[in-house]
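What the coordinates show
The lines below spell out each chain.
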Amino acid sequence: MRPPQRPDLVVGVGARRGVSVDEVTGLVGAALAGAGLTPGGVAELATVEAKADEPGLLAAAERLGVPLRGYGAETLAAVDVPNPSMAALTAVGTPGVAEAAALLAAGPGGELLVAKRVSEPGGGGPSRATCAIARRGPRDGHPQDGPPQDGRSRSGPCENGRRPAVACPDGAQ
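Our subject in this report is the structure included herewith. The shown structure was predicted, so the numbers you read here are calculated from the model rather than taken from an experiment. (Residues numbered from 1 in each chain as written. Predicted model: local features only at pLDDT ≥ 70, side-chain atom pairs only at ≥ 80, totals over all residues. Heavy atoms only, no water.)

1. Overview of the overall build of the protein chain
The secondary structure content of the protein chain amounts to five helices and eight strands. Put simply, the protein chain runs from its N terminus to its C terminus through helices and strands in the order β-α-β-α-β-α-α-α-β-β-β-β-β. Counting only residues that meet the buried cut, the protein chain has 45% of its 173 residues in that class. Across the protein chain, the fraction of contacts at a sequence separation of at least 24, relative to all contacts at a separation of at least 6, is 65%. Carbon together with sulfur atoms contributes 54% to the accessible area of the protein chain, which is approximately 8600 Å² in total. (Helix = DSSP H or I, 4+ residues; strand = E, 2+ residues; numbered from the N terminus. Buried < 20%, exposed > 50% of the residue type's maximum accessible area, 1.4 Å probe, protein only. Contact = heavy atoms within 4.5 Å. Areas by Shrake-Rupley, 256 points an atom, 1.4 Å probe, with all protein chains shown as cover.)

Structure (structure tokens):
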């Protein structure tokens, strides 16, 4: 019998201030399902550092039982993304948050599986979230385990090996 596969998916998430946990988790769930993936395959959420304290993102990471990792806008801006956004560039200083964060957190050899998707909130309100999904690159034939480049995790380990979202203002792990 093969050992269970370790989660190797990273979901990059962009968000406007005040995004709800339901909007984020609904978008992530739809993106995963649309690609034939499951929430159990998600290892972490990643976003721009300026939004890493957003309650809706922290709560989404907690619901999924994974950490939320933040990257500086300059680091994200250095990642070539297939769907750049002037809105993101104006708001946080990088032309891409969801795709860039997913690719950075996936590490070397990571693969973008789902390009940026935009939420469709009910009630006709504006979209407040985007997401993209990447698979971590191999490291010696196994999914990557350690922290990618300069990402700062907002979590701590727990007994089952997954990491719940717990805000760490200094970015400590």
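2. Notes on helix α1 (residues 21-34)
Residue pairs three or four apart in sequence face the same way in an α-helix, which turns once every 3.6 residues. Look at α1: 20 Å from first C-alpha to last across 14 residues, which is about the 20 Å you get at 1.5 Å a residue. Those residues of α1 that fall on the buried side of the exposure criterion are Val 21, Glu 23, Val 24, Leu 27, Val 28, Ala 31 and Leu 32. Elements that come into contact with the buried residues of α1 comprise β1 (9-15), β2 (42-48), α2 (55-64), β4 (111-118) and β5 (129-135). Backbone geometry just downstream of α1 places Gly 36 in the positive-phi region, at approximately 75 degrees. (Expected span 1.5 Å × (residues − 1).)

3. A short note on the pairing of β5
β5 sits mainly inside the fold: six of its seven residues count as buried. With five bridges connecting them, β4 and β5 associate as antiparallel partners. Across the sheet, Val 118 pairs through a bridge with Thr 130, a residue of β5. (Pairing = 2+ DSSP bridges.)

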